[in-house]
Protein chains: 6
Amino acid sequence: MLPGATADREDAAYVVVGAPLDVSTSFQPGTRFGPDRVRQFARTFEDYDHRTDESFSALGVHDAGDVHAWDDTAEYLDYLRGTVTDVVWDDAVPLLVGGEHTVSVAGVRAVEPDVFVALDAHLDLREEYDGNPLSHSTVTRHALDTAEEAYVVGARSGSEAEWERAREADVTVVEPDEVGSWSPSFDGEVYLSVDVDAADPAFAPGTGTPEPGGLSSRAMRRLVRDIAPAASAFDIVEVNDRDDGQAAVLGAKLLREFVFAHADSA
Amino acid sequence: MLPGATADREDAAYVVVGAPLDVSTSFQPGTRFGPDRVRQFARTFEDYDHRTDESFSALGVHDAGDVHAWDDTAEYLDYLRGTVTDVVWDDAVPLLVGGEHTVSVAGVRAVEPDVFVALDAHLDLREEYDGNPLSHSTVTRHALDTAEEAYVVGARSGSEAEWERAREADVTVVEPDEVGSWSPSFDGEVYLSVDVDAADPAFAPGTGTPEPGGLSSRAMRRLVRDIAPAASAFDIVEVNDRDDGQAAVLGAKLLREFVFAHADSA
Amino acid sequence: MLPGATADREDAAYVVVGAPLDVSTSFQPGTRFGPDRVRQFARTFEDYDHRTDESFSALGVHDAGDVHAWDDTAEYLDYLRGTVTDVVWDDAVPLLVGGEHTVSVAGVRAVEPDVFVALDAHLDLREEYDGNPLSHSTVTRHALDTAEEAYVVGARSGSEAEWERAREADVTVVEPDEVGSWSPSFDGEVYLSVDVDAADPAFAPGTGTPEPGGLSSRAMRRLVRDIAPAASAFDIVEVNDRDDGQAAVLGAKLLREFVFAHADSA
Amino acid sequence: MLPGATADREDAAYVVVGAPLDVSTSFQPGTRFGPDRVRQFARTFEDYDHRTDESFSALGVHDAGDVHAWDDTAEYLDYLRGTVTDVVWDDAVPLLVGGEHTVSVAGVRAVEPDVFVALDAHLDLREEYDGNPLSHSTVTRHALDTAEEAYVVGARSGSEAEWERAREADVTVVEPDEVGSWSPSFDGEVYLSVDVDAADPAFAPGTGTPEPGGLSSRAMRRLVRDIAPAASAFDIVEVNDRDDGQAAVLGAKLLREFVFAHADSA
Amino acid sequence: MLPGATADREDAAYVVVGAPLDVSTSFQPGTRFGPDRVRQFARTFEDYDHRTDESFSALGVHDAGDVHAWDDTAEYLDYLRGTVTDVVWDDAVPLLVGGEHTVSVAGVRAVEPDVFVALDAHLDLREEYDGNPLSHSTVTRHALDTAEEAYVVGARSGSEAEWERAREADVTVVEPDEVGSWSPSFDGEVYLSVDVDAADPAFAPGTGTPEPGGLSSRAMRRLVRDIAPAASAFDIVEVNDRDDGQAAVLGAKLLREFVFAHADSA
Amino acid sequence: MLPGATADREDAAYVVVGAPLDVSTSFQPGTRFGPDRVRQFARTFEDYDHRTDESFSALGVHDAGDVHAWDDTAEYLDYLRGTVTDVVWDDAVPLLVGGEHTVSVAGVRAVEPDVFVALDAHLDLREEYDGNPLSHSTVTRHALDTAEEAYVVGARSGSEAEWERAREADVTVVEPDEVGSWSPSFDGEVYLSVDVDAADPAFAPGTGTPEPGGLSSRAMRRLVRDIAPAASAFDIVEVNDRDDGQAAVLGAKLLREFVFAHADSA
Ligand SMILES: [Mn+2]
Ligand SMILES: [Mn+2]
Ligand SMILES: [Mn+2]
Ligand SMILES: [Mn+2]
Ligand SMILES: [Mn+2]
Ligand SMILES: [Mn+2]
Ligand SMILES: [Mn+2]
Ligand SMILES: [Mn+2]
Ligand SMILES: [Mn+2]
Ligand SMILES: [Mn+2]
Ligand SMILES: [Mn+2]
Ligand SMILES: [Mn+2]
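Definitions and cut-offs
Residues numbered from 1 in each chain as written. Chains lettered and ligands numbered in written order. Predicted model: local features only at pLDDT ≥ 70, side-chain atom pairs only at ≥ 80, totals over all residues. Heavy atoms only, no water. Donors = N, O, S within 2.8 Å, 3.2 Å for Na, K, Ca; no water. Helix = DSSP H or I, 4+ residues; strand = E, 2+ residues; numbered from the N terminus. Buried < 20%, exposed > 50% of the residue type's maximum accessible area, 1.4 Å probe, protein only. Least-squares fit on C-alpha atoms with pLDDT ≥ 70 in both. Axes fitted to C-alpha atoms, helices over the stretch in contact; angles between N-to-C directions. Parallel < 35°, antiparallel > 145°, perpendicular 65-115°, else oblique. Left-handed = near helix turned anticlockwise from the far one by under 90°. Contact = heavy atoms within 4.5 Å. Pairing = 2+ DSSP bridges. Salt bridge = Lys/Arg side-chain N within 4 Å of Asp/Glu carboxyl O. Polar contact = N/O pair within 3.5 Å; in protein donor to acceptor, adjacent residues only side chain to side chain. Nonpolar A, V, L, I, M, F, W, Y, C, P; charged D, E, K, R; others polar. Expected span 1.5 Å × (residues − 1). Buried area = accessible area lost by both parts, 1.4 Å probe. Phe/Tyr/Trp six-rings, centres within 6.5 Å; stacked < 30°, edge-to-face > 60°. Lys NZ or Arg CZ within 6 Å of the ring centre and 35° of its normal. Right-handed = clockwise from strand over helix to strand, strands pointing away. UniProt positions renumbered as here; feature names shortened; annotations may be inferred.

A. Spotlight on the coordination of the manganese ion (ligand 9). Residues and elements named next belong to chain E. Protein ligation of the manganese ion (ligand 9) involves His-101 (ND1), Asp-120 (OD), Asp-124 (OD) and Asp-195 (OD), the donor distances falling in the range 2.1 to 2.2 Å. Donor residues binding the manganese ion (ligand 9) come from one chain and are separated in sequence as H-x18-D-x3-D-x70-D. If you look at the manganese ion (ligand 9) and the manganese ion (ligand 10), they sit 3.2 Å from each other and are both ligated by Asp-120. Placement of Asp-120 in the loop between strand S6 (115–119) and helix H4 (139–146) and of Asp-195 in strand S9 (residues 190–195) is noted, with a sequence separation of 75 residues between them. With respect to burial, Asp-120 and Asp-195 carry one shared label: buried.

This is the structure:
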C-alpha cells in the first residue's frame with residue numbers, strides 16, 4: 001500500500017490504481033515493477049507537507065492495489081478503463097501508477113478530459129510503433145481522440161511525422177529550455193500524465209527510454225504544482241526497477257506533490 | 001559477433017541467430033538483452049576445447065546477428081522461422097540465441113525434428129497463458145505439433161493440466177533428481193532447446209522465472225554433451241541481464257559445448 | 001500479498017506474518033526488505049505442486065501483511081509474539097517471514113514448541129552480541145528458554161562458547177557434511193526456523209552474514225520437506241535485498257515447500 | 001586510510017574519525033559502509049586543489065580509522081564523544097564520517113559549538129522517532145541542547161511538529177530555493193554537519209532517506225566553502241553503499257572542500 | 001553496430017571507431033565496455049533530430065566496429081592511429097568511442113588538428129602518471145605535440161604542475177562556473193574530445209575518475225553543438241559499465257549531437 | 001585491516017600483503033578492488049574455528065596493507081617480490097591477496113617453492129598473451145621457472161599449446177571431475193595459489209574470466225585444508241567487485257581456512 005493511502009474506498013477523494021503493464025517498452029523493460037517501486041520508495045517521505053500545511057494521510061487517498069496486467073494490451077486497457085471509470089463515478093480523482101505510458105490511454109478514456117498534459121521527453125504522437133497501435137509511443141495521439149488539446153512538456157524527441165503532427169493547432173510542445181518561462185494555463189479540465197523520462201536520466205535513470213537533456217526534479221515538481229489545480233486526474237508512468245531508486249523516489253514524490261497541490265486548490 | 005564465429009555464411013556448418021524476443025515473460029523481463037549478453041560473456045573463453053581437441057573458430061560457426069524483435073509474436077515467429085529455414089536449407093545447424101523461450105517455436109517449425117528435447121525447469125505444456133497461445137510457457141506444446149515426442153529434462157514446475165498432459169505417451173519428464181542416472185537415447189532427429197532456468201538460480205539468476213532446486217552447471221554441460229550427437233539444431237533461451245553474468249556465461253558455455261560435442265560426433 | 005495466499009484470516013490454516021526487523025545485523029543490513037522480496041519473487045511460481053498434487057491457493061494460506069518494525073527489539077518481539085499467538089489460538093500455523101533471525105524469538109515464545117529446529121550456518125547460541133541480548137546470534141539460546149531441545153542443521157560457524165554450549169545434551173548440531181545422511185526425527189512438536197544463510201552464498205548471497213561451505217537449494221528443500229510433518233510453525237529469515245533475487249526466491253520456495261509438505265502430512 | 005591523510009595523530013590539524021553507526025535508519029540501511037565508501041571514492045581525487053593552491057596532504061590531516069559501532073546508540077555516542085573530545089583537546093578539527101546522522105550528536109557534545117549548521121533535506125527536529133530519542137531524525141534537536149542556534153540548509157521535509165519547532169527563534173531554515181541567494185553569517189563558532197541527503201537523489205542516491213527537490217553538487221560545495229571559515233568541526237553523514245558511488249564521491253569531495261576552505265581561511 | 005550507422009564504409013561521411021582501451025584507468029576500470037555500452041544505449045534514440053530537421057541514418061555514418069585493444073598502449077595507439085588515418089584520408093570525420101582517454105592521442109595524431117578541445121573534469125596535462133607517459137591523464141599534453149592550442153572545458157582537477165602548465169599561452173581552461181558565459185571560437189581546425197567525466201557524476205556515474213561539481217547534460221550538449229561546426233573529428237571517452245546507463249546514454253547522445261550539428265553546419 | 005589480523009609485524013607468523021594489480025585482465029577488470037573486498041567480506045566471520053579449535057586472532061596474522069599497484073607490471077612484481085621476501089626472511093608465511101593472478105609470480109620468486117599448486121580454471125601456461133609475457137595467463141609458466149613442478153587443480157580451460165605444455169612431466173592437471181577422488185601429496189615445499197575462478201561462477205561470479213563447470217565452495221575448502229600443511233605460502237587472486245560478494249566471501253574464507261589448517265598442522 002502507498003504509505004498514507006489509508007482512506008477507505010468509499011470515502012476516498014483520490015484513488016491509487018497500479019497498472020503494471022510492460023509489453024511495448026522498446027528499449028529497457030521493467031515497468032511491471034513500477035507500482036511496487038513507487039510504493040516502496042514512498043516510505044521515505046514524511047506524512048506532512050510544509051508548503052501546503054497538510055498531511056497526506058488526511059487527504060483521503062485510497063490505494064486500490066494493482067490491476068494485474070497481461071499481454072493483450074487492448075483488452076487490458078478496456079479492463080483498466082473500467083476500473084478508472086469506477087473511480088471517476090465515485091467523484092474521486094484517479095492516480096494511476098504505471099506501467100508503461102500506454103496505461104494513460106485507459107485513464108484518458110475513463111476521465112474524458114478537455115486537455116491532455118504530458119510531461120514527457122517524447123511526443124508519443126506516433127500512429128503505431130513496429131505495427132503496434134497501442135505502443136507507449138502513441139499515447140498523446142490516442143489522448144487526442146478524447147481530449148481537445150494536448151500539451152507535451154519537456155519534449156525533446158520524436159519522429160519526423162510526430163513533430164509534424166505536433167505543429168497542428170491542437171498540440172503544444174514546451175521544450176526543456178522553455179519550461180522555465182512557461183506558465184501553464186488551460187481551457188477546461190486537465191488530465192496530467194507524468195512520464196518520468198521527462199526528467200534527465202540523472203534524475204530518473206530507471207526508465208524505458210532515457211533521453212538526456214531533460215528536466216531537473218525541481219522543475220518537474222514545479223510543473224506538477226502548477227498544473228494540479230486544473231487537473232482531475234493524474235498518472236505517473238514509465239518507472240522501472242533498473243536504477244538505485246532515483247526514478248521511483250521522484251515518481252512517488254510527484255504523485256504526492258500532485259495530491260497536495262490539488263487538495264490545496266480545492 | 002560471437003567470438004570465434006568467424007565462418008562466412010555460405011561456408012558455415014553452424015549459424016548463430018539472435019532472437020531477442022521479450023514479450024511474454026511473466027515475471028522478470030530482459031531477455032531482449034540475452035543475445036548481447038551471451039556474446040559478451042563468451043569473450044571469456046579460450047578458442048580451444050581440450051576434451052574434443054578442437055578450436056571453436058575451426059568448426060565453421062557463422063554469427064548472422066539478431067533478428068530484430070517486435071511486439072507481434074505470431075508475425076515475429078513466422079519471420080524468424082524463415083531465417084532458420086534458410087539455415088537448414090543450407091545444411092547448416094541453427095544455433096538460436098533467445099530471447100524468451102517462445103522463439104524455439106520458430107526453430108522447431110523450421111527444423112521439423114522427430115524429438116524435441118528441452119532442458120527446462122518448466123514443462124511449458126500450457127495451451128495458453130493469460131489468453132496468450134504464444135507465451136513462453138507453451139513451447140513444448142507447440143513443439144509437439146511438429147515433433148513426435150518431447151523430453152523435458154530438469155523439469156520441476158508446471159500447472160496441474162501440464163503435468164497431466166505430461167503423463168501422455170509422447171512426453172517424457174526427467175526430474176532433477178533423476179538427471180544423474182538418465183542416459184539420453186532418442187528415436188530420430190533431435191531439436192535441443194536449453195532454457196537456462198533448468199539450472200538452479202545459483203547458476204543462472206538472470207532469467208525470467210527462476211526456480212530453485214535445479215541443475216548445476218556441470219549437470220547441464222553433461223546433458224548437452226550427451227544429447228548433441230543426436231541433435232540437428234540447438235537453442236539457448238531465457239537469459240536476461242538481471243544478474244552479474246552467471247546466466248550469460250553459462251548459456252555461452254553450453255552453446256559452445258553443443259558445437260564441440262556435435263562436431264566431434266560428426 | 002504472497003501469491004496464492006488468498007484465504008480469509010478466519011478460515012486460514014496458515015498465516016503469513018511479515019516481520020521486517022533489521023536492527024542487529026552485524027554485517028550487511030537490509031532484512032527490512034525481506035518480506036517484500038520474498039513476496040515479489042514468489043510471483044515466479046506455479047500455484048500447483050506436482051509432488052504433493054496440491055495447489056498452494058487451496059491450502060488455506062492467509063497473508064496478514066507485515067508487523068511494522070521499530071528500533072526497540074524487546075518491545076517489538078512482545079508485539080510480534082502477540083500477533084503470532086493470535087494465529088496459534090486460531091489453530092493456524094504461523095509462517096513468519098523476517099527480518100533478522102531475532103524475530104524467531106517471538107515466534108517460539110508464541111508457539112511454545114518442544115523442539116526448535118534451525119537451518120542455519122550459525123549456532124546462534126550466544127548470550128549477547130556487543131552487549132545486545134536480543135541479537136540475531138542469540139536466537140537458539142532464547143529458543144531453549146522455551147523449547148526442550150534445539151537442532152542446528154547446516155551449522156558451520158560459532159564462537160568458542162557457542163560450540164561449547166552446543167555440546168550439551170539439549171543441542172544437536174548437524175554439520176553440512178552430515179546433512180546428506182541425517183534423518184530428522186524429533187520428540188514432540190517442532191518449530192522450524194530457516195535462516196537462509198544455511199545455504200551456501202552461491203544459493204543465497206543476499207543475506208546478512210554469508211558463510212561459504214553451505215547447503216545447496218536441493219538439500220535445503222529436502223530438509224524442509226522432511227521436517228515439516230513434525231512442525232507446527234515455520235519461519236524464513238535473514239533474506240535481504242543485496243543480491244539478484246537468489247536468496248528471496250529460495251526463501252519463497254522453502255516457505256511454499258513447507259506448506260505443501262505440512263498439508264500433505266496432515 | 002583517507003588518501004592524503006598522512007599526518008601523524010600528534011601533529012594533525014584535522015582528524016578523520018569514521019563512525020559507521022547504522023541503527024536507526026528508517027528507510028534504506030547501509031550507512032555502516034559509509035566511511036569505507038567515502039575513503040574508497042576519495043581515491044579518485046588529485047592531492048592538489050587549484051582554488052586554494054594547496055595540497056591536501058600538506059594540510060595535516062590524520063585518519064584515525066573507525067570507531068566500531070554497536071547497537072546501543074546511547075553508549076556508542078558516549079564513546080564516540082570521548083574520541084572527538086580528544087581531537088578537540090589536541091586543538092585539531094574533527095572530521096567525522098558517518099554513519100547515520102545520529103553520530104553528529106556525539107560530535108556536537110564534544111565540540112560545544114555556538115551554532116549548529118546542517119545541510120540536510122530533513123529538519124531532524126523530532127523529539128523521538130518510533131520511541132527512539134536517539135534517531136537520526138532528532139539530531140538538530142539534540143544539537144540545540146548544546147548550541148545556541150541551528151541552521152538547516154536545503155531542508156524540505158519534516159513533521160508538522162518539527163516545522164513548528166523550526167519557527168522558534170533559535171532555528172533558521174534555508175529551503176532549497178533560497179539557497180542561491182543566501183549568504184551564511186553566524187554568531188560564534190560553527191559545527192558544520194553535512195547530511196548527504198541535502199543533495200538531490202540524482203547527486204546522492206546512496207542515502208537512507210532520499211528526498212527529491214534537493215541541491216546540486218555545486219550548490220553543496222559552495223555552501224561548504226562559505227561556511228568552513230566559521231567552523232571548528234565538520235561531519236559528513238548518511239552516505240551508504242546502495243548506489244554507484246555518487247553519494248560517496250560527493251561526500252568525499254565535500255570533506256576535502258571543507259579542509260581546503262578552512263585551512264585557506266586560517 | 002551503432003543504430004542508424006548504416007552507411008557503407010566507402011560512402012561514409014562519418015566513421016565510428018570503437019577503441020576499448022582500458023589499461024591506465026587509475027580508479028575504476030571498465031572503459032573496455034565503453035563502445036558496447038554506448039552502442040547499446042543509443043538504441044533508445046529516435047533516428048530523427050528535431051532541431052536540425054535531419055535523420056541520423058541519412059547523414060552517412062558508418063560503424064567500423066572496434067579496434068581490439070591489448071596491454072601495450074604505445075603499440076595500440078600506433079595501430080589505432082592507422083585506422084583513424086584511413087578515415088581521414090577518405091575525407092570522412094572520425095568518431096572515436098573509447099575506451100580510456102588515451103585513445104584520443106591516436107585520434108589527434110591521425111587528424112593533426114590546429115586546436116584540441118577537451119570537455120574534461122581533468123586537465124590531463126601530466127607528463128606521466130606512475131611512470132606511464134601514456135596514461136589517460138597525459139592526453140592534453142600529448143595533443144599539444146600536434147595541435148597549436150588546447151582548450152579544457154569543464155576542468156576542475158589537476159596537479160599543481162598541470163595547473164602551472166595550463167597557465168601557458170597555448171592552453172585555455174574554462175572552469176565549470178565559466179562555461180555558461182563562454183562562447184567557443186577557435187583559430188583553425190578543431191579536434192573535439194569529450195571525456196564524459198566533464199559531466200557531474202550525477203549525469204555520468206559510470207566513469208573512471210568521477211569528479212563532483214561538473215556540467216549538466218544540457219551544458220555538455222550545448223558545448224558540443226557550439227563546437228561541432230569548427231571540428232573535423234570527435235571522440236567520446238571514459239564511459240564504463242559501472243552505473244545504470246547514465247554515462248553511456250549521455251555519451252551516445254553527445255556523439256549524435258555532434259554529427260547532427262556538424263552536418264547541419266556543412 | 002583483515003579482521004583478526006592483529007599481530008604486530010615483528011611477531012607475525014603470517015603476513016597479509018594486498019596486491020591490487022589490475023592491468024592484464026582480459027575480460028572483466030576490477031581486481032584492484034580485490035584486497036578491499038576480501039577484507040570487507042571477512043567481517044562476516046567468527047574469530048573462532050570449530051574444526052581446528054583455534055581463534056584466527058590467536059594465530060599471529062599481521063595485515064601489512066596493500067602494495068600500491070601501477071601500470072608497469074615488471075617493475076611492480078619486482079617491488080612486490082621484495083615485500084614478500086621480507087616476510088619470508090622473517091620466517092613468516094606470506095598471504096598474498098590479489099589483484100590479478102600475475103602477482104603470484106612475485107610471490108613464487110620470493111618464496112622459491114619446490115612445487116607450485118594452483119587452484120584455477122585455467123592452465124595459465126601461456127608464454128605471453130597479446131604480446132604480454134606478464135599476463136595473468138602466464139603464471140604457471142613463470143612459476144615453473146622457479147619451482148620443479150606445478151599442479152593445476154580444477155583446470156578446464158587452456159589454449160592448445162597450454163594443454164600440450166601441460167602434458168610434460170613437470171605439470172599435473174587435476175580436472176574438476178577428478179578433484180573428488182584426488183589426494184594431494186607433494187615432494188617438497190608448496191606454494192598454494194588460489195585463483196578464485198577455480199570455483200564455478202555460481203560460487204564466484206566476481207572474477208575476471210569466469211568459467212562454468214567449476215568447483216563448489218566446499219570442494220575448494222577441502223583442497224585448501226588438505227594442501228595447507230605442505231605449504232609455506234598462500235595467495236588468493238582474481239577476486240573483483242563485480243558481484244554481490246560471493247567471490248570475496250569465498251576468497252576470505254579460503255584464506256582463513258589456509259591459516260587454520262596450516263597452523264593446525266605445525
Ligand atoms: Mn511517454
Ligand atoms: Mn517518454
Ligand atoms: Mn521454458
Ligand atoms: Mn523455464
Ligand atoms: Mn541465524
Ligand atoms: Mn545465520
Ligand atoms: Mn539528517
Ligand atoms: Mn536527512
Ligand atoms: Mn580525460
Ligand atoms: Mn577526465
Ligand atoms: Mn589464473
Ligand atoms: Mn583463472
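Text resumes after the structure shown.
B. Local environment of the relation of the copies chain E and chain A. Mapping chain E onto chain A leaves a residual RMSD of 0.0 Å; the transformation is a rotation of 120° accompanied by 0.0 Å of translation along its axis. The superposition of one copy onto the other is thereby described by a three-fold rotation axis. Residue Ala202(E) of chain E places its C-alpha closer to the rotation axis than any other residue of that unit, at 3.1 Å.

C. Summary view of the packing of helix H2 (residues 73–89) of chain F against helix H3 (residues 103–111) of chain F. Residues and elements named next belong to chain F. Contact geometry for H2 and H3: axes closest at 8 Å, N-to-C directions at 45°. If you check the angle between H2 and H3, you find them oblique. Of the two possible hands of crossing, H2 and H3 adopt the one that is right-handed. Facing H2, whose interface residues are Tyr-76, Leu-77, Leu-80, Arg-81, Val-84, Thr-85 and Val-88, H3 presents Val-103, Val-105, Ala-106, Gly-107, Arg-109, Ala-110 and Val-111.

D. The sheet that holds strand S6 (residues 115–119) of chain B, seen in detail. All names here are of chain B. What the eight strands build is an open sheet, ordered S4-S1-S5-S10-S9-S6-S7-S8; its pairing is parallel. At either margin of the open sheet sits one strand with a lone partner, and together these are strand S4 (61–66) and strand S8 (171–174). Here the strands of the sheet are splayed against their neighbours by 15° on average, with no regard to which way each runs. With respect to the sheet, helix H2 (residues 73–89) is in contact with strand S1 (14–19) and strand S5 (93–98), its orientation differing from that of S1 by roughly 170°. Docked against the sheet, helix H8 (residues 246–265) engages S1, S4, S5, strand S9 (190–195) and strand S10 (231–237), running at close to 175° with respect to S10.

E. Summary view of the interface of chain E and chain A. Each partner contributes residues to the interface: chain E has 19 residues there, and chain A has 29 residues. Counting across the chain E and chain A interface gives three salt bridges. A salt bridge links Asp177(A) to Arg218(E); the nearest nitrogen and oxygen atoms lie 2.7 Å apart. Where chain E packs against chain A, one counts eight residue pairs in polar contact (both at pLDDT 80 or more). Looking at the side of chain E that touches chain A, the elements that each hand over two or more residues are helix H1 (34–41), helix H7 (217–227) and helix H8 (246–265) of chain E. Examining the composition of the side of chain E that touches chain A, we find that four residues originate from one element, H8(E), more than from any other. Considering only residue class, the side of chain E that touches chain A consists of seven nonpolar, five polar and seven charged.

F. Spatial organisation of the environment of Asp197(F). Residues and elements named next belong to chain F. Structurally, Asp-197 can be placed in the loop between strand S9 (190–195) and helix H7 (217–227). The class of Asp-197 is buried, set by a relative accessible area of 1%. When residues no more than four places from it in sequence are discounted, the contact partners of Asp-197 are Asp-120, Ala-121, His-122, Arg-156, Thr-207 and Thr-209. Of the polar contacts made by the side chain of Asp-197, one reaches the side chain of His-122; its length is 3.1 Å.

G. View of helix H8 (residues 246–265) of chain A. With 20 residues, H8(A) should reach 28 Å at 1.5 Å per residue; the first-to-last C-alpha distance of 28 Å fits that figure. Within H8(A), 17 of the 20 residues are buried, leaving the element largely enclosed by the surrounding structure.

H. Geometry of helix H3 (residues 103–111) of chain D. All names here are of chain D. Counting buried residues along H3, eight of its nine residues qualify, which places the element largely inside the surrounding structure. The set of residues buried in H3 consists of Val-103, Ser-104, Val-105, Ala-106, Gly-107, Val-108, Ala-110 and Val-111. Positive phi shows up at Glu-112, right after H3, with a value of about 50°.

I. Structural detail: the interface of chain B and chain F. Listed as interface residues are 19 residues of chain B and, on the opposing side, 29 residues of chain F. For the pairing of chain B and chain F, the buried interface totals around 1,900 Å² over both sides, and the portion due to carbon and sulfur atoms is 53%. Put simply, chain B and chain F have three salt bridges between them. The closest approach of N and O atoms between Glu211(F) and Lys253(B), which form a salt bridge, is 2.5 Å.

J. Representation of the packing of aromatic side chains within the structure. Counted according to the given criterion, the structure contains 66 aromatic pairs over all chains. Measuring from ring centre to ring centre gives 5.4 Å for Trp70(A) and Tyr76(A), while their planes differ by 85°; the resulting arrangement is edge-to-face. For the pair Trp70(A) and Tyr76(A), one class covers both residues: buried. Between Phe234(D) and Phe258(D), the ring centres sit 4.7 Å apart and the planes meet at 25°, which makes this aromatic pair stacked. Linking Phe234(D) in strand S10 (residues 231–237) with Phe258(D) in helix H8 (residues 246–265), this pair joins segments that are 24 residues apart in sequence. One exposure class covers both Phe234(D) and Phe258(D), and it is buried. Taken together, Phe27(A), Phe33(B) and Phe41(E) form an aromatic cluster joined through their ring pairs. Cation over ring: Lys253(B) sits above Phe45(B), and NZ or CZ is 4.4 Å from the ring centre. Across from the ring centre of Phe56(B), 5.2 Å away, lies the NZ or CZ of Arg256(B), which sits over that ring.

K. Summary view of the packing of helix H7 (residues 217–227) of chain A against H8(A). Residues and elements named next belong to chain A. Direction vectors running N to C along H7 and H8 enclose 30°, while the axes themselves pass 9 Å from each other. Overall, the two elements H7 and H8 adopt an arrangement that is roughly parallel. Here H7 and H8 pass one another in a crossing that is right-handed. Counted together, Ser-217, Met-220, Arg-221, Val-224 and Arg-225 of H7 and Leu-250, Leu-254, Glu-257, Phe-258 and Ala-261 of H8 form the full contact between these two elements.

L. Inspection of the pairing of strand S8 (residues 171–174) of chain E at higher detail. Residues and elements named next belong to chain E. Judged from the four bridges that link them, strand S7 (residues 149–153) and S8 form a sheet pairing that is parallel. Looking at S8, one finds that Ala-150 is bridged to Val-171. As for the winding sense of the linkage, the β-α-β connection from S7 through helix H5 (residues 160–166) to S8 is right-handed.

M. A look at the side chain of Ser135(C). Structurally, Ser135(C) is set in the loop between strand S6 (115–119) and helix H4 (139–146). Leave out the neighbours within four places in its chain, and Ser135(C) touches Ser24(C), Thr102(C) and Tyr129(C).

N. Local environment of the coordination of the manganese ion (ligand 1). Residues and elements named next belong to chain A. Protein coordination at the manganese ion (ligand 1): the donors are His-101 (ND1), Asp-120 (OD), Asp-124 (OD) and Asp-195 (OD), at 2.1 to 2.2 Å from the metal. All donors to the manganese ion (ligand 1) come from one chain, and their sequence spacing reads H-x18-D-x3-D-x70-D. The metal-metal distance between the manganese ion (ligand 1) and the manganese ion (ligand 2) comes to 3.1 Å, with Asp-120 coordinating both. The pair Asp-120 / Asp-124 is uniform in exposure class, with both members buried.

O. Examining the UniProt feature "binding site: Mn(2+) 1" (unreviewed entry) in chain A more closely. All names here are of chain A. The feature "binding site: Mn(2+) 1" (unreviewed entry), as given by UniProt, occupies His-101, Asp-120, His-122, Asp-195 and Asp-197 in the numbering adopted here. For this annotated set, covering 97 residues, all C-alpha atoms fall within 10.8 Å of each other, a compact arrangement in space. The residue His-101 is located in the loop between strand S5 (93–98) and helix H3 (103–111) in this model. We classify His-101 as buried; its relative accessible area is 0%.

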